[in-house]
Amino acid sequence: MVMSKNPTRKLDSTDNEKFPEDVLNELNICYRVCFKFVQKEIEDDDDKGVCVCNKLRESHKDRSYPEKEDVKWTMDLNTKVKPEPAYGILPNGALYLRLAMDTPKEKVARLLFDVWRIRKPRLIMSIIGGAKYFTLSDRLESNFINGITEVALKSDAWLITNGYNAGIVHLVGQAINKVKFTKLNKHITAIGLCKWGSIKDVETLTKLDKKESEKSDKMRDGGIEKKRESGQRDLEMNHTHYLMLDDGRFRFYDTEDYRTKLCLQLAKLQHETDLP
């Protein structure tokens, strides 16, 4: 795994009237936790006592079984928001934020521009592709990587992907990595819009405790790495920023149409402030 060496910009209180962390506190961005247990459909013995959110019954505040058997799990009824800020820097130097699936897109736009202070793009490339059974010939793979690199650098583009190290996003990561080592004065902004509960070892990755990170690295080097479960993906570690959407469930990839609406919101802001 190649770690990004792009330096993250420090939050400087002299840059603006407000310190970026103050703006972040104003935005009041929360994440979600499942508190009300609903038994998932039982297919084998391992499913007993497991909620639809894929967490054990014991981890829920309300552990009672619903009176009706046909009760459906929903984010609105079975989860509650946690107002504690969940953000920081990953081991590769990238910035991340854990946010609820129903976070207004306007808040996320302010986060990107006013807190993370990412340079405004002239082009947004939302790269969508299946993660499974994805193969390209060496020639097409090389053409794709070179094409993504050329367009992104010429257009001051943002690349927005699902952030997982699989399929076409894996190639995007290779393109970003190529720029880092061949064009030292250039920089590509790549934002991974993924699901918090579908990232393998997400708790370890987002811990600020250096001892925990070192312990995790030693475990991987020693071949004791924890097995990836169904519904989990490794994070593509060449991205520069990660928005980790959270609906209270684990091992569910679905982000609905959040990415599309966010891209439209960002494009709308650009149209209002700049020439078309």
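Here's a quick rundown of the structure. (Residues numbered from 1 in each chain as written. Predicted model: local features only at pLDDT ≥ 70, side-chain atom pairs only at ≥ 80, totals over all residues. Heavy atoms only, no water.)

### Thoughts on the overall build of the chain
So, step 1. Secondary structure assignment for the chain yields 8 helices and 8 strands.
So, step 2. Taken over 276 residues, the chain has a buried fraction of 45%.
So, step 3. For the chain, restricting intrachain contacts to residue pairs at least 6 apart in sequence, the fraction spanning at least 24 positions comes to 78%.
So, step 4. For the chain, the computed accessible surface area is about 16300 Å², with 50% contributed by carbon and sulfur atoms. (Helix = DSSP H or I, 4+ residues; strand = E, 2+ residues; numbered from the N terminus. Buried < 20%, exposed > 50% of the residue type's maximum accessible area, 1.4 Å probe, protein only. Contact = heavy atoms within 4.5 Å. Areas by Shrake-Rupley, 256 points an atom, 1.4 Å probe, with all protein chains shown as cover.)

### Considering the environment of Lys180
So, step 1. Considering the arrangement of structural elements, one finds Lys180 in helix α5 (residues 167–182).
So, step 2. Separated by 58 residues in sequence, Lys180 and Asn238 place their C-alpha atoms 9.4 Å apart.
So, step 3. Of the polar contacts made by the side chain of Lys180, one reaches the side chain of Asn238; its length is 2.8 Å. (Polar contact = N/O pair within 3.5 Å; in protein donor to acceptor, adjacent residues only side chain to side chain.)

### Quick notes on the nonpolar core
So, step 1. Core analysis: the biggest nonpolar cluster contains 33 residues, and Leu99, Leu111, Leu112, Trp116, Leu243 and Leu266 have the highest contact counts within it.
So, step 2. Of all the elements in the fold, those that place two or more residues in this core are α1 (20–27), β4 (95–100), α3 (105–115), β6 (157–161), β7 (189–195), β8 (241–246) and α8 (258–273).
So, step 3. Top contributing element to this core by residue count: α3, with 6 residues.
So, step 4. Every residue in contact with Trp116, bar those within four places of it in the chain, is listed here: Leu95, Tyr96, Leu97, Leu111, His241, Tyr242 and Leu243.
So, step 5. Listed in part, the 17 residues of the second largest apolar core include Ile127, Leu171, Ile176 and Val179. (Core = buried A, V, L, I, M, F, W, Y, C linked by side-chain atoms within 4.5 Å.)

### Some points on the environment of Trp158
So, step 1. Structurally, Trp158 is set in strand β6.
So, step 2. Between the C-alpha atom of Trp158 and that of Ala190, which follows or precedes it by 32 residues, the distance is 5.8 Å.
So, step 3. One polar contact links the side chain of Trp158 to the main-chain carbonyl oxygen of Arg119, over a distance of 2.9 Å.

### Points about the sheet that holds β4
Adjacent strands of a sheet form backbone hydrogen bonds with each other and so pair up, either parallel or antiparallel.
So, step 1. With mixed pairing, 6 strands are arranged side by side in an open sheet as β3-β4-β8-β7-β6-β5. The sheet terminates laterally at β3 (87–89) and β5 (123–126), the two strands that pair on one side only. Sheet twist, expressed as the average angle between the axes of neighbouring strands with direction ignored, equals 20°.
So, step 2. Direction of pairing for β7 relative to β8: parallel, over a ladder of 5 bridges. Within the sheet, the bridge partner assigned to Lys195 lies in β8 and is Leu245. (Pairing = 2+ DSSP bridges. Axes fitted to C-alpha atoms, helices over the stretch in contact; angles between N-to-C directions.)

### Structural notes on the pattern of salt bridges
Once the charged atoms of two side chains with opposite charge are near each other, the side chains can pair.
So, step 1. Applying the stated criterion to the full structure yields 14 salt bridges.
So, step 2. Among the salt bridges present, the one from Asp102 reaches Arg32, with a minimum N-O distance of 2.8 Å. In this pair, Asp102 sits in the loop between β4 and α3 while Arg32 sits in strand β1 (residues 31–34), placing the two residues 70 residues apart along the sequence.
So, step 3. The class for Arg32 is buried, based on a relative accessible area of 9%.
So, step 4. Through salt bridges with shared partners, a single ionic network connects Arg119, Arg122 and Asp156. (Salt bridge = Lys/Arg side-chain N within 4 Å of Asp/Glu carboxyl O.)

### Quick notes on the environment of Ile188
So, step 1. As for its position among the elements, Ile188 is in the loop between α5 and β7.
So, step 2. Residue classification places Ile188 among the buried residues on the basis of a relative accessible area of 4%.
So, step 3. Along the chain, Ile188 and Ala152 lie 36 residues apart, while their C-alpha atoms are 6.8 Å from each other.
So, step 4. Contact partners of Ile188, with chain neighbours within four places excluded, come to Ala152, Leu153, Leu159, Ile176, Val179 and Thr240.

### Some points on the packing of aromatic side chains
So, step 1. Scanning the entire structure with this criterion turns up 3 aromatic pairs.
So, step 2. With a centroid separation of 5.2 Å and an interplanar angle of 85°, the aromatic rings of Phe37 and Tyr65 are classed as edge-to-face. With a gap of 28 residues between them, Phe37 in the loop between β1 and α2 (75–78) and Tyr65 in the loop between β1 and α2 connect regions that are remote in the sequence.
So, step 3. Classification of Tyr65 by relative accessible area gives partly exposed; the value is 47%.
So, step 4. Sitting over the ring of Phe113, Lys120 keeps its end group 5.5 Å from the ring centre.
So, step 5. A cation over a ring is seen here: Arg249 above Phe252, with NZ or CZ 4.0 Å from the ring centre. (Phe/Tyr/Trp six-rings, centres within 6.5 Å; stacked < 30°, edge-to-face > 60°. Lys NZ or Arg CZ within 6 Å of the ring centre and 35° of its normal.)

### Here we look at a negative patch on the surface
So, step 1. On the surface, Glu41, Glu43, Asp44 and Asp46 cluster together to form a negatively charged patch.
So, step 2. Residue position: Asp44 is located in the loop between β1 and α2. (Patch = residues over 30% accessible without salt bridge, like charges linked within 9 Å, V, L, I, M, F, W, Y side chains within 5 Å. Lys, Arg positive; Asp, Glu negative; His and termini not counted. Charge placed at Lys NZ, Arg CZ, Asp CG, Glu CD.)

### Topic: α3
So, step 1. Of the residues making up α3, those classed as buried are Lys105, Val108, Ala109, Leu111, Leu112, Phe113 and Val115.
So, step 2. Phi turns positive, to about 55°, at Arg117, one or two residues after α3.

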